[in-house]
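# A closer look at the structure
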Amino acid sequence: MENKEGAGGVKGDSMDLITSIALKRGFFWPSAEIYGGKAGLFSYGHLGKTLKNNFDSLWRKFFIEDNKNCYEIEYSSILPEQVFIASGHLENFNDPLIECKKCHFRFRADQFIEDNLKINAGEKSIEEMNNLIVKNKLKCPNCKANDFDSAKWFNMMFPVQIGATGKDMAYLAPETAQGAFLAFKREFEATRKKLPLGIGILGKAFRNEISPRQMFFRLREFSQAELQMFFDPDEVNNLDEKTWKEILKEDLQVFPQDQKDSKKKFITIKIDELNKKYKIPKFYLLQMSKMQKFYLEILKFPKDKFRFRELNEKERAFYNKIHWDIEVYFDFFDEFKELGGIHYRADHDLSGHQKISKENLEVFYNEKKFIPHVIELSLGIDRNILAFLDLFFKEEKQNDRTIFSFPDTLAPILISVFPLVNKEGMPEKAEEIYNMLKEKTTVFYDDSASIGKRYRRADEIGVKYCITIDGDTIKDKTVTIRDRDSMKQRRVKISDLRKELGI
Ligand code: GAP
């Protein structure tokens, strides 16, 4: 799956194994694969898409439906140039680009330095990067020459011309967030003018990454789940007593800037201490607490593999006042990696849009006029999908099988139904059971190959329960349920099947 631009930086055999399962079984593959594919563009097959749909549904329920005054909208991902002048993306959304003078290969200067010198180059200026490349005589990864044009900033947005004149400039949105800022005034008025107001979007974002790599980490087209929480800035440290008392009981798993740099650890801190010692406002802590719950209780990530990492001023996105990344420990990479972030964007976007559009975006609330502040809960969906494939994957050599132990709510297929053989009334009974279960959940019917092979195939795509219909089923109306994780089998009556499976 590698091409000239590389999938680079990925460690280990498990990534190769997972990739081969993904291709073979229908999780994902490179887009336009029959034409050789294109780095940074992937398509989901039926299993990958269902996994993604399941993530979307859990996100929607947890962040939108179960929350007061939070709504989901849909946005247009082609947006006019003025939007990105206002948001600052046209000026600031840049990566450092370097070009080899000999072979004209172009790539990211900071990643080039990081890969070769094993230092963090994300905070360096263009001059510092140029100096490091020259001083260390770094060689072009493509032709090995060491003669480069000076690194320069490259804007990561994809330009689009709207209409036939070619003069009407637009861009593919590099984040879904702008859709929520553009909708804010209308939603505020349509939802009875109350704050805090949450506007969420599940949608596509586009970035012309210079060097797409590490599978779903640097894509050119990807999906985001973003929630913008609009609130009165005077209330940022002022939660109602009941909510504050509730979250005070919790500890957060964090890696603050005052800890020694590590890609592998976190500390556990009481919410109160984060408020007092680390000066994190209460409304921000509420969002962190929600996010930790989502990962540990809803997505069921192992507790020791989740943390928030604080970003310093140089690392933060240009629009952020406070920024903690949401990170998960990947076995593939043997370190914590970013899946999302909680961003205190303040009034950066609404003020920018008010200035450029000349529309008044102030609200009248709490007996005063002001521009609301925003805390953004931003997640990259594709990176989350990759995290599921890493975290829930197991290779059991002793049992000669590979499994995805997905939680039931994420599993693309929950149940498989097998007739033991294709005769003696078994296929008819199996069809009947398949139809009964299909009304309630995702079910797959498999009647090819030996029963052992069918179990292995089901394990490999994360099916939780396999139901086998055999000779006894016809006689005594019972079936076998086999559990994916324990491989234990039990015999149950067909009439009790739904109850036994909890569906
Ligand atoms: N609205 C804020 C925002 O877009 P970001 O940190 O640039 O912030 C948020 O992106 C998340 O989107 C990231 O944490 C990551 O999960 C995902 N993301 C960003 N760029 C990506 C890319 N090129 N490929 C895949 N996912 C990406």
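Residues numbered from 1 in each chain as written. Predicted model: local features only at pLDDT ≥ 70, side-chain atom pairs only at ≥ 80, totals over all residues. Heavy atoms only, no water.

Moving on to the overall build of the protein chain. When its secondary structure is counted, the protein chain shows 16 helices and 26 strands. What you see for the protein chain is a C-alpha radius of gyration of 26 Å, in line with the 23 Å of a compact globule of 503 residues. When its C-alpha atoms are laid out on the principal axes, the protein chain stretches across 75 × 65 × 55 Å. The proportion of buried residues among the 503 residues of the protein chain is 53%. Carbon and sulfur atoms make up 48% of the accessible area of the protein chain, which amounts to about 24,000 Å² in all. Distance between charge centres in the protein chain, computed from 83 positive and 80 negative side chains, equals 2 Å. (Helix = DSSP H or I, 4+ residues; strand = E, 2+ residues; numbered from the N terminus. Rg over C-alpha atoms; globule rule 2.2 N^0.38 Å. Buried < 20%, exposed > 50% of the residue type's maximum accessible area, 1.4 Å probe, protein only. Areas by Shrake-Rupley, 256 points an atom, 1.4 Å probe, with all protein chains shown as cover. Lys, Arg positive; Asp, Glu negative; His and termini not counted. Charge placed at Lys NZ, Arg CZ, Asp CG, Glu CD.)

Here three strands make up an open sheet; going across it, the order is S6-S5-S7 and the pairing antiparallel. Edge positions in the sheet fall to strand S6 (106-108) and strand S7 (152-155), since each has one partner strand and no second. Ignoring strand direction, the axes of neighbouring strands in this sheet form an average angle of 50 degrees. One ladder, built from three bridges, connects strand S5 (residues 94-99) with S6; its direction is antiparallel. When the bridges of S6 are listed, Leu 97 appears paired with Arg 108. (Pairing = 2+ DSSP bridges. Axes fitted to C-alpha atoms, helices over the stretch in contact; angles between N-to-C directions.)

Taken over all residues, the pLDDT of the protein chain has a mean of 94, while the share at 70 or more is 98%. Ignoring residues within four places in sequence, the model shows residues 1-11, a span with pLDDT below 50, making 31 contacts including any to other chains. (pLDDT = per-residue confidence, 0-100. Contact = heavy atoms within 4.5 Å.)

Taken together, the neighbourhood of the ligand is formed by 21 residues, with Glu 175, Leu 219, Glu 226, Glu 338 and Glu 376 sitting nearest. Within the side chain of Arg 345, an N or O atom sits 3.4 Å from a nitrogen atom of the ligand. Within the complex, 94% of the 550 Å² of free accessible area of the ligand lies under protein. Of the residues forming the shell around the ligand, the biggest block, five residues, is contributed by strand S16 (residues 335-346). Taken together, the residues that form the shell around the ligand break down as seven nonpolar, five polar and nine charged. (Near = heavy atom within 4 Å. Polar contact = N/O pair within 3.5 Å; in protein donor to acceptor, adjacent residues only side chain to side chain. Nonpolar A, V, L, I, M, F, W, Y, C, P; charged D, E, K, R; others polar.)

Here the focus is the packing of aromatic side chains. For the structure shown, the criterion picks out 41 aromatic pairs. Centre to centre, the rings of Phe 84 and Tyr 171 are 6.0 Å apart; their planes meet at 85 degrees, and the pair counts as edge-to-face. Taken together, the residues Phe 84 in helix H3 (residues 81-87) and Tyr 171 in strand S9 (residues 168-172) connect sequence positions 87 residues apart. Note on accessibility: Phe 84 and Tyr 171 belong to one class, buried. Above the ring of Tyr 455, the side-chain terminus of Arg 482 is found at 4.4 Å from the ring centroid. (Phe/Tyr/Trp six-rings, centres within 6.5 Å; stacked < 30°, edge-to-face > 60°. Lys NZ or Arg CZ within 6 Å of the ring centre and 35° of its normal.)

To continue, consider the sheet that holds strand S8 (residues 159-162). The strand order across the open sheet formed by three strands is S4-S9-S8, and the pairing between neighbours is antiparallel. Both outer strands of the open sheet, strand S4 (78-80) and S8, are each paired with one neighbouring strand and no more. For this sheet the average axis-to-axis angle between neighbouring strands, irrespective of direction, equals 45 degrees. In this sheet, S9 lies alongside S4 in antiparallel orientation, the contact comprising three bridges. Note that in S9 the partner of Pro 80 across the bridge is Ala 170.

In this section: helix H14 (residues 451-460). For H14, the complete set of buried residues consists of Arg 454, Tyr 455, Ala 458, Asp 459 and Glu 460. Turning to H14, the residues buried within the fold contact helix H1 (13-25), strand S21 (401-404), strand S22 (415-419), strand S24 (465-469), strand S25 (478-483) and strand S26 (489-493).

Geometrically, the link from Leu 195 to Pro 196 is a cis peptide bond, its omega value of -10 degrees lying close to zero. Positioned with a positive phi, Ala 449 is a non-glycine residue whose angle comes to about 75 degrees. Owing to a relative accessible area of 40%, Ala 449 belongs among the partly exposed residues under this scheme. Positioned with a positive phi, Lys 477 is a non-glycine residue whose angle comes to about 60 degrees. With respect to the helices, strands and loops of the structure, Lys 477 is situated in the loop between helix H15 (471-476) and S25.

On to the domain arrangement of the protein chain, then. Domain boundaries assigned for the protein chain yield domain 1 (12-93 + 156-390), domain 2 (94-155) and domain 3 (413-501). Just the C-alpha atoms count here: the centres of domain 1 and domain 3 sit 40 Å apart. Of the residues lining the interface, five residues belong to domain 1; the matching set on domain 3 comes to four residues. A buried area of about 470 Å², summed over both sides, lies between domain 1 and domain 3, and 66% of it is on carbon and sulfur atoms. Sorting the residues of domain 1 by area buried against domain 3 places Ile 21, Arg 25 and Leu 47 first, and these three jointly supply 72% of that buried surface. Viewed at the interface, domain 3 and domain 1 are joined by two salt bridges. Of the charged contacts, one joins Glu 460 and Arg 25 as a salt bridge, the two residues approaching to 2.6 Å between their closest N and O atoms. There are one residue pair in polar contact (both at pLDDT 80 or more) connecting domain 1 and domain 3. Here the side of domain 1 that touches domain 3 takes three residues from H1, the largest share from any one element. (Domains from an automatic or database assignment. Buried area = accessible area lost by both parts, 1.4 Å probe. Salt bridge = Lys/Arg side-chain N within 4 Å of Asp/Glu carboxyl O.)

The next point concerns the pattern of salt bridges. Two side chains of opposite charge can pair, provided their charged atoms sit close to one another. Tallied over the full model, the rule gives 41 salt bridges. Residue Glu 335 pairs with Lys 337 through a salt bridge whose shortest N-O separation is 3.8 Å. A salt bridge links Asp 485 to Arg 484, with the shortest nitrogen-to-oxygen separation between them at 3.0 Å. Within this structure, Asp 95, Arg 108, Asp 110, Glu 209 and Arg 218 form a network of salt bridges that share partners.

All right, on to the packing of helix H5 (residues 109-117) against helix H6 (residues 126-135) then. With their axes 10 Å apart at the nearest point, H5 and H6 run at an angle of 40 degrees to one another. Between H5 and H6, the angle falls in the class oblique. Along this stretch, H5 crosses H6, giving a crossing that reads as left-handed. For the pair H5 and H6, contact is made by Ala 109, Asp 110, Phe 112, Ile 113 and Leu 117 and by Met 129, Leu 132 and Ile 133, respectively. (Parallel < 35°, antiparallel > 145°, perpendicular 65-115°, else oblique. Left-handed = near helix turned anticlockwise from the far one by under 90°.)

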